[in-house]
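Structure at a glance
Below are the chains, spelled out letter by letter.
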Amino acid sequence: MRALALALVSSTVVSLAAAPAVAKDYGQVGTVFPVIESDLLRVIEQKLNTLQSTGQVDAMNEKFRQRAEAKVRRPTPVAGIERATVARSWLFDPSIVIDHDIRDQKGNLIAPRGRRVNPLDFIAVRTPLVFINGDDPAQMAWAMKCYDASAKLIMVAGAPLDAMTTHQRRFYFDQDGRLTTKFGIHAVPAVVVQEGHAMRVNEIAKLLPGAGS
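Across the sheet, six strands lie side by side as E2-E12-E11-E7-E8-E9; this open sheet has mixed pairing. Two strands in the sheet have a free side with no partner beyond their single neighbour: strand E2 (88-92) and strand E9 (171-173). Strand-to-strand twist across the sheet, computed as the mean angle between neighbouring axes with direction ignored, equals 25°. Pairing of strand E7 (residues 129-133) with strand E11 (residues 190-195) involves three bridges; the strand directions are antiparallel. Opposite Leu129, over in E11, you have Val192 as the bridge partner. Packed onto the sheet, helix H4 (residues 137-146) meets E7, strand E8 (152-157), E9 and E11 and runs at close to 155° relative to E7. Each of E8 and E9 touches helix H5 (residues 160-167); the most contacted strand, E9, lies at about 170° to it.

What follows is the structure, given as C-alpha cells:
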C-alpha cells in the first residue's frame, strides 16, 4: 500500500509539471497612474526659492545669527563644577610620554619615542590661572580685587564679553571644560600656579583678602 501511495503521488507531480501554464487576463482594476519621480535637486531648489520669496530664509539666518551670538556671549557652563566648600590643594604633573620619534627638518633625532617630557623643564608659567564662576558676584569681586591684569581670569560659567565691557580687562572661558578636566578641578574658585616642575592647584573655600589665599 505504501509503495502504491508513493507511486500515485509521483504520478500526480509529474502530471502537474507537464501541464501547460494557463494565464488569465482579469482586466484593469482601479485607476493606474504613471510613476513620475521628481528630481531631488529641483525639489530642493524650488523649496529654497519659495522660502526666499516669502522671507523665511532671511528669518532663519537671523535666528541662526542670534543663536551664535548668544552662544559666544554666554557659553555653555562647564558641567560638574560646584562652589568650593572645602579647601583642596594638589600638584599636577604636566609631563607627557612621546608616542613617536621627533626629528628636525634634517632628520636628526630630537626626542625618541617613549621619552617622558615635562614642558616646565623648558618654559615658565608666570601667569596665575584663576578659575571662577562669572555668575557668582562674590567670586567676581574677589578675583578683581586679588588679581591684577597679569592673571588670566577663566570663567566656568557666565558672560565673559559682558564682563570685559564692565571691568575693562580680559576674561577667558573654559570651553568644554578642557582645562578644569586636565587639572582635575571640581570646584571654584580655584587657582593654578607653577611650583617647580609641577603646577600647584588650589580650590579655595574661603575668599580671604589675600591673593591666592
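After presenting the structure, the write-up continues.
For the rest of this paragraph, the subject is the packing of aromatic side chains. Two aromatic rings, taken as a pair, are described by how far apart their centres are and by the angle between their planes. The final tally for this structure, using the stated rule, is three aromatic pairs. Residues Phe92 and Phe183 carry aromatic rings whose centres are separated by 5.1 Å and whose planes lie at 75° to one another, so their mutual orientation is edge-to-face. Placement of the pair is Phe92 in strand E2 and Phe183 in helix H6 (residues 178-183), with a sequence separation of 91 residues. Considered together, Phe92 and Phe183 belong to a single accessibility category, that of buried residues. For the pair Phe131 and Phe183, a centre-to-centre distance of 6.4 Å together with 70° between the ring planes defines the contact as edge-to-face. With Phe131 in strand E7 and Phe183 in helix H6, this residue pair connects regions lying 52 residues apart in the sequence. You can call Phe183 buried: its relative accessible area is 8%. By the ring-pair criterion, three or more aromatic residues cluster together here, those being Phe92, Phe131 and Phe183.

For E8, the buried fraction is high: five of the six residues fall into the buried class. Viewed along the sheet, the connection from E7 through H4 into E8 turns out right-handed.

Below, the discussion takes up the pairing of strand E12 (residues 198-203). Within E12, five of the six residues are buried, leaving the element largely enclosed by the surrounding structure. Note: E2 against E12, five bridges, orientation antiparallel. Paired with Arg88 across the two strands is Glu203, which belongs to E12. Relative to E12, E11 is paired through six bridges, and the arrangement is antiparallel. Residue Val193 lies in a different strand from E12, and its bridge partner there is Arg200. Between E11 and E12, which pair antiparallel in sequence order, lie two residues; one of them, Gly196, sits at a positive phi of approximately 65°.

What counts and how
- Residues numbered from 1 in each chain as written.
- Predicted model: local features only at pLDDT ≥ 70, side-chain atom pairs only at ≥ 80, totals over all residues.
- Heavy atoms only, no water.
- Pairing = 2+ DSSP bridges.
- Helix = DSSP H or I, 4+ residues; strand = E, 2+ residues; numbered from the N terminus.
- Axes fitted to C-alpha atoms, helices over the stretch in contact; angles between N-to-C directions.
- Contact = heavy atoms within 4.5 Å.
- Phe/Tyr/Trp six-rings, centres within 6.5 Å; stacked < 30°, edge-to-face > 60°.
- Buried < 20%, exposed > 50% of the residue type's maximum accessible area, 1.4 Å probe, protein only.
- Right-handed = clockwise from strand over helix to strand, strands pointing away.

It is worth stressing that arrangement in space is one thing and function is another; only the former is reported here.
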